[in-house]
Amino acid sequence: MVSAILKNKSTAVRLTVKSVIAVLLVAMATALPQIAHFFGGSAAGSAYLPMYAPALLAGCLLGWQWGLGVGALSPLVSFGFTSLVFGSAMPAAARLPYMVAELAVFGLVSGLFSKKIEKNALFAFPAVIVAQIAGRAVYFAAAVAFGQSAAAVWNIIESGLAGLYIQAAVVPVIVLLLSLAVKHERD
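Residues numbered from 1 in each chain as written. Predicted model: local features only at pLDDT ≥ 70, side-chain atom pairs only at ≥ 80, totals over all residues. Heavy atoms only, no water.

1. Here we look at the packing of helix α4 (residues 52-62) against helix α10 (residues 161-186)
Next up, step 1: As a packed pair, α4 and α10 sit with axes 10 Å apart at the nearest point and diverge in direction by 40°. Taken as axis vectors, α4 and α10 run oblique relative to one another. As α4 packs across α10, the resulting crossing turns out to be right-handed. Residue-level contacts link Y52, A53, L56, L57, C60 and L61 of α4 to Q167, V171, I174, V175 and L178 of α10.
Next up, step 2: In terms of residue class, the contact of α4 with α10 is built from 10 nonpolar, 1 polar and no charged. (Axes fitted to C-alpha atoms, helices over the stretch in contact; angles between N-to-C directions. Helix = DSSP H or I, 4+ residues; strand = E, 2+ residues; numbered from the N terminus. Parallel < 35°, antiparallel > 145°, perpendicular 65-115°, else oblique. Left-handed = near helix turned anticlockwise from the far one by under 90°. Contact = heavy atoms within 4.5 Å. Nonpolar A, V, L, I, M, F, W, Y, C, P; charged D, E, K, R; others polar.)

2. Focus: the packing of helix α5 (residues 64-86) against helix α6 (residues 96-112)
Next up, step 1: One can describe the packing of α5 onto α6 by two numbers: an axis separation of 7 Å at closest approach and a directional angle of 155°. The angle between α5 and α6 places the two elements in the roughly antiparallel class. α6 is crossed by α5, and the crossing has right-handed handedness. Facing α5, whose interface residues are W64, G67, L68, G71, A72, S74, P75, L76 and F79, α6 presents L96, M99, V100, L103, A104, G107, L108, G111 and L112.
Next up, step 2: Here the residues of the contact of α5 with α6 are counted per class, giving 13 nonpolar, 5 polar and no charged.

3. As for the confidence of the model for the protein
Next up, step 1: In this model, the protein carries an average pLDDT of 94, and 99% of its residues clear a pLDDT of 70 or more.
Next up, step 2: For the protein, the element scoring lowest by mean pLDDT is helix α1 (residues 2-5), at 83; α4 scores highest, at 98. (pLDDT = per-residue confidence, 0-100.)

4. Thoughts on the nonpolar core
Next up, step 1: Counting residues in each nonpolar core, the largest one holds 39 residues, and the members touching the most others are Y52, C60, L61, L62 and V175.
Next up, step 2: At the level of secondary structure, the elements contributing two or more residues to this core comprise α2 (11-40), α4, α6, α8 (124-145), α9 (150-159) and α10.
Next up, step 3: The element that contributes the greatest number of residues to this core is α4, accounting for 9 residues. (Core = buried A, V, L, I, M, F, W, Y, C linked by side-chain atoms within 4.5 Å. Buried < 20%, exposed > 50% of the residue type's maximum accessible area, 1.4 Å probe, protein only.)

5. Points about a nonpolar patch on the surface
Next up, step 1: A cluster of nonpolar side chains, contributed by L73, L76, V77, F81, L84, V85 and F86, occupies part of the molecular surface with about 680 Å² of accessible area.
Next up, step 2: If you trace the backbone, L73 turns up in helix α5. (Patch = residues over 30% accessible without salt bridge, like charges linked within 9 Å, V, L, I, M, F, W, Y side chains within 5 Å. Areas by Shrake-Rupley, 256 points an atom, 1.4 Å probe, with all protein chains shown as cover. Salt bridge = Lys/Arg side-chain N within 4 Å of Asp/Glu carboxyl O.)

6. Here we look at α2
Next up, step 1: Helix length check: α2, at 30 residues, gives a terminal C-alpha distance of 42 Å against a target of 44 Å (1.5 Å per residue), a fit within 8%.
Next up, step 2: Those residues of α2 that sit buried are K18, A22, L25, V26, A29, T30, P33, Q34 and A36.
Next up, step 3: In this structure, the buried side of α2 is in contact with α1, α3 (44-48), α4 and α5.
Next up, step 4: Where α2 terminates, the next one or two residues include G41, which has phi positive at roughly 80°. (Expected span 1.5 Å × (residues − 1).)

7. Considering unusual backbone geometry
Next up, step 1: Of the consecutive residues M90 and P91, the connecting peptide bond is found in the cis state with omega at 0°.
Next up, step 2: Mapped onto the elements, P91 comes out in the loop between α5 and α6.
Next up, step 3: You will see that L49, though not glycine, has its phi angle at about 50°, which is positive.
Next up, step 4: Tracing the backbone shows L49 in the loop between α3 and α4.
Next up, step 5: By relative accessible area, which is 3% here, L49 ends up buried.

8. Describing the packing of aromatic side chains
Next up, step 1: Inspection of every chain in the model, using the stated rule, returns 5 aromatic pairs.
Next up, step 2: Ring centres of F140 and W154 lie 6.3 Å apart, and the angle between their planes is 85°; on these two criteria the pair is classed as edge-to-face. With F140 in helix α8 and W154 in helix α9, the pair connects residues that are 14 residues apart, well separated along the chain.
Next up, step 3: Take F140: its relative accessible area is 26%, and that puts it in the partly exposed class.
Next up, step 4: A cation over an aromatic ring shows up here: K116 above the ring of F123, its NZ or CZ 5.5 Å from the ring centre.
Next up, step 5: When the ring centre of Y139 is taken as origin, the NZ or CZ atom of R136, which lies over that ring, is 5.3 Å away. (Phe/Tyr/Trp six-rings, centres within 6.5 Å; stacked < 30°, edge-to-face > 60°. Lys NZ or Arg CZ within 6 Å of the ring centre and 35° of its normal.)

This is the structure:
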């Protein structure tokens, strides 16, 4: 969607704007879990998956390459930041590799819909749902492949269903509202 807005701009301007948006989304992916934990306690992160929404937004708004990058970087930046600042890493080191893969898939898959979203923002709804299914499948497969029990991984996935449902509703609405704002501004 951002590409359509910037189509008449120079490559440098397009790259700069997309980079700024990507950095803001990674920062949001680092801040949202802190806010969730502050208000909802330690279980809020695994229940509401606040880090996931920025990866989905990156894909929908910026395309698959940027979505992939934001998704992969978000858990790494959060881990580094929380380790240095708070002395307690989020996500936990044991979950970090799986979350990097999962969020990268979230951003990648939602970004594969970005051209369709540019034409019709309602495509953000299937983009988010397909990305969530693919990302959680990658998380499950990777965790089980590296020795975690399928039942334990499934419990982790089930504990985050509320967050996935909320994001499946909220992220596409944000994309839709941004699309309407852009169209209104153009008219």
